[in-house]
Amino acid sequence: MSFSNLGLSNEIIRAVTERGYTKPTPIQTQAIPAILSGGDLLAGAQTGTGKTASFTLPLLHRLSSDSVKSTSNGCSPIRALILTPTRELAAQVAESVHEYGKYLKLNTMVMYGGVSINPQKRLLKGRVDILVATPGRLLDHVQQGTVNLSNIEVLVLDEADRMLDMGFIRDIRRILSLLPKQRQNLLFFATFSDKIKALAAGLLNRPKMIEVARRNVTADTVAQKVYKIDRDRKRQLLAHLIRQDNWYQVLVFTRTKYGADRLVKQLAEERIQALAIHGNKSQSARTHALAKFKNGTLQVLVATDIAARGLDISELPHVVNFDLPNVPEDYVHRIGRTGRAGASGEAISLVCADEYDLLADIEKLIEQRLPFEVVASFGANSHTKSEPILDERKHRPQASKRPAHSTAKPLPQKSAKQSAPRTLTGGKKSDARPDASRRRANRSR
Ligand code: AMP
């Protein structure tokens, strides 16, 4: 199967070929013809499967082949709306739309909270064909009468499950009520749930359903290690591990925003350069930290699950669970960022006694037992000399060794040469003011 067999225009094929893609991924092979046929779609695919291109390419094809109807005031209308749960994902999706559509005459705009609204208002006065937005800021514009959604032909809900987890359901319903009845709806989720089922039932009209296999979290290229360690010695062990092998590009997950900030300070005391990314950080701080991490000038990025979710930071050599996630599926999302595309990677979990139940839930989900690793001595004043680690989980039933999920083929490495995004961002100035919906969602993290 090649991109040209899928019915996409030459301009789009040229852009993906230049991006270095040689053939479509499984989600693309299934979703592209389904979307081109014009029907609704319910698609299960995680970040890393190529899902963004799977809806972006046919969307661009459709918009560039159909003629544009002018609105009553003679302006060209916004024709496609892509909603994402986080600002980073919105920025990433807009960058992809821009890149894949670089040989087409379509304008893309991204809008999210945490940056000044005025430049966005100015951009909305010009031509915008495709709008990528987070729900809160979009509703701010609706309230101020600066956006018109009455000509939307295609709606994409990207990572809809995460939007629901973040409490965006009322915002989504509000936005849906502003769209024309006649439109194509594409709903993407990573994990199916009753909430997704309910949303799909109310939104989609006889959808085609697609689900691609999850990445195999137990791929040979990911070494999963668990260190048993007292909670208050975790940071010491982390610093030791980072220093011992001079780790670079380490993505560390903490459960809370407070925990992320505290860890950054503690690592700084150990002279390890780290920055945090979470919902309380201003947009400019988040963008700055992510850019430094991606270009290799930041050694450690500390993130909460929500902030990191959907980010295209993959093929990392080291992912560390400083805290285990409350939701076992998040473990799979977290460690799926390492060891991709044949590169070897390590996923390390620092587990203290009160996290054993969380570990048991994870082992149950991945149907694999993760043995405790023994730490030799670490830390300047460490009193631990090859401390034997007792496995205190013996009472727990042994999970089977069978991997839980079938394998989706890893993606080839991204082309190193990427053109700088020319997407309209609506202003870079950060007013550090999270929009209303984010504030609501953040309270629970
Ligand atoms: P996504 O699942 O959309 O977050 O995409 C994950 C990564 O896969 C991104 O870096 C894309 O650039 C890359 N990608 C998407 N489609 C392909 C493809 N057909 N071949 C190779 N890489 C791809």
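Rules behind the numbers
Residues numbered from 1 in each chain as written. Predicted model: local features only at pLDDT ≥ 70, side-chain atom pairs only at ≥ 80, totals over all residues. Heavy atoms only, no water. Helix = DSSP H or I, 4+ residues; strand = E, 2+ residues; numbered from the N terminus. Buried < 20%, exposed > 50% of the residue type's maximum accessible area, 1.4 Å probe, protein only. Contact = heavy atoms within 4.5 Å. Areas by Shrake-Rupley, 256 points an atom, 1.4 Å probe, with all protein chains shown as cover. Pairing = 2+ DSSP bridges. pLDDT = per-residue confidence, 0-100. Arc of directions from axis to C-beta. Right-handed = clockwise from strand over helix to strand, strands pointing away. Core = buried A, V, L, I, M, F, W, Y, C linked by side-chain atoms within 4.5 Å. Polar contact = N/O pair within 3.5 Å; in protein donor to acceptor, adjacent residues only side chain to side chain. Salt bridge = Lys/Arg side-chain N within 4 Å of Asp/Glu carboxyl O. Axes fitted to C-alpha atoms, helices over the stretch in contact; angles between N-to-C directions.

### Regarding the overall build of the protein chain
In step 1: Counting its regular elements, the protein chain contains 16 helices and 14 strands.
In step 2: Burial status across the protein chain gives 56% buried among its 445 residues.
In step 3: For the protein chain, contacts bridging at least 24 residues in sequence account for 76% of all contacts bridging at least 6.
In step 4: Summed over all atoms, the accessible surface of the protein chain reaches about 19700 Å², with 50% contributed by carbon and sulfur.

### Digging into the pairing of strand β9 (residues 250-253)
In step 1: Neither face of β9 is left uncovered, since the one carrying V250 and V252 and the one carrying L251 and F253 both have all their residues buried.
In step 2: Relative to strand β11 (residues 300-303), β9 runs parallel, the two being bridged by four bridges. Within the sheet, the bridge partner assigned to L251 lies in β11 and is L301.
In step 3: Direction of pairing for β9 relative to strand β12 (residues 318-321): parallel, over a ladder of four bridges. Its bridge partner lying in β12, V252 is registered against V320.

### Considering the confidence of the model for the protein chain
In step 1: Averaged over every residue, the pLDDT of the protein chain is 81; residues scoring 70 or more account for 78%.
In step 2: Segment residues 379-445: pLDDT under 50, and 151 contacts once partners within four positions in sequence are set aside and those in other chains are kept.

### As for helix α9 (residues 194-203)
In step 1: Within the span of α9, buried status applies to I196, L199, A200 and L203. Burial along α9 is one-sided: seen end-on, the buried residues are contained in an arc of 100°. Opposite its buried face, α9 presents the exposed residues D194, K197, A201 and G202, each directed more than 90 degrees away.
In step 2: Its buried side turned inward, α9 meets β1 (41-44), β5 (154-157), α7 (160-165), α8 (169-176) and β6 (184-189).

### Quick word on the environment of V252
In step 1: Note on placement: V252 falls in strand β9.
In step 2: A residue is classified by how much of its surface remains accessible, and V252, at 0% relative accessible area, is buried.
In step 3: Expressed as a C-alpha distance, the spacing of V252 and L238, which sit 14 residues apart in the sequence, is 9.4 Å.
In step 4: In this structure, V252 is in contact with L238, L263, V300, L301, V302, A303, V320 and F322, ignoring residues within four places of it in sequence.

### As for the pairing of strand β10 (residues 274-277)
For a regular strand, side chains alternate in direction, first toward one face of the sheet and then toward the other.
In step 1: Across four bridges, β10 lies against β11 in parallel orientation. Considered in β11, the bridge of A276 is made with V302.
In step 2: For the segment spanning β10, helix α12 (residues 283-294) and β11, crossover handedness is right-handed.

### Quick look at the nonpolar core
In step 1: Counting 41 residues, the largest nonpolar core has L41, F55, L57, L60, I82, I130 and L186 as the members making the most contacts within it.
In step 2: Filtering out sequence-adjacent residues up to four positions away, L186 remains in contact with I35, G39, L41, F55, V154, L155, V156 and L157.
In step 3: Residues L131, L155, L157 and F168 belong to the second largest nonpolar core, which totals 35 residues.

### A look at the side chain of R137
In step 1: Mapping R137 onto the fold places it in helix α6 (residues 135-143).
In step 2: Separated by 2.9 Å, the side chain of R137 and the backbone oxygen of V115 make a polar contact.

### What to know about the side chain of R334
In step 1: Tracing the backbone through its elements, the reader meets R334 in helix α14 (residues 328-335).
In step 2: A polar contact is formed between the side chain of R334 and the side chain of D305, at a distance of 2.7 Å.

### Brief notes about the pattern of salt bridges
In step 1: All chains considered together, the criterion is met by 22 salt bridges.
In step 2: Two residues, K102 and E18, come together in a salt bridge whose shortest N-O distance is 3.0 Å. Within this pair, whereas K102 is found in the loop between α4 (87-100) and β3 (108-111), its partner E18 is found in helix α1 (residues 10-18), the two being separated by 84 residues in sequence.
In step 3: For E18, a relative accessible area of 39% puts it in the partly exposed group.
In step 4: When salt bridges with common partners are traced through the structure, they connect R231, K234, R255, D323, D354 and E355 into a single cluster.

### Concerning α6
In step 1: Most of α6 is tucked away: eight of the nine residues are buried.
In step 2: When α6 is considered as a whole, its buried residues turn out to be P135, G136, R137, L138, L139, D140, H141 and V142.
In step 3: Looking one or two residues past α6, G145 carries a phi angle of roughly 70°, positive in sign.

### Here's the deal with the sheet that holds β1
In step 1: The parallel open sheet is built from seven strands, whose spatial order is β3-β4-β2-β5-β6-β1-β7. The sheet terminates laterally at β3 and β7 (208-211), the two strands that pair on one side only. Adjacent strand axes in the sheet meet at a mean angle of 15° when their direction is disregarded.
In step 2: Direction of pairing for β1 relative to β7: parallel, over a ladder of four bridges. Bridged to G44 within β7 is E211.
In step 3: Together, β2 (80-83), β3 and β4 (130-133) form the strand contacts of α4, whose direction differs from that of β3 by roughly 175°.

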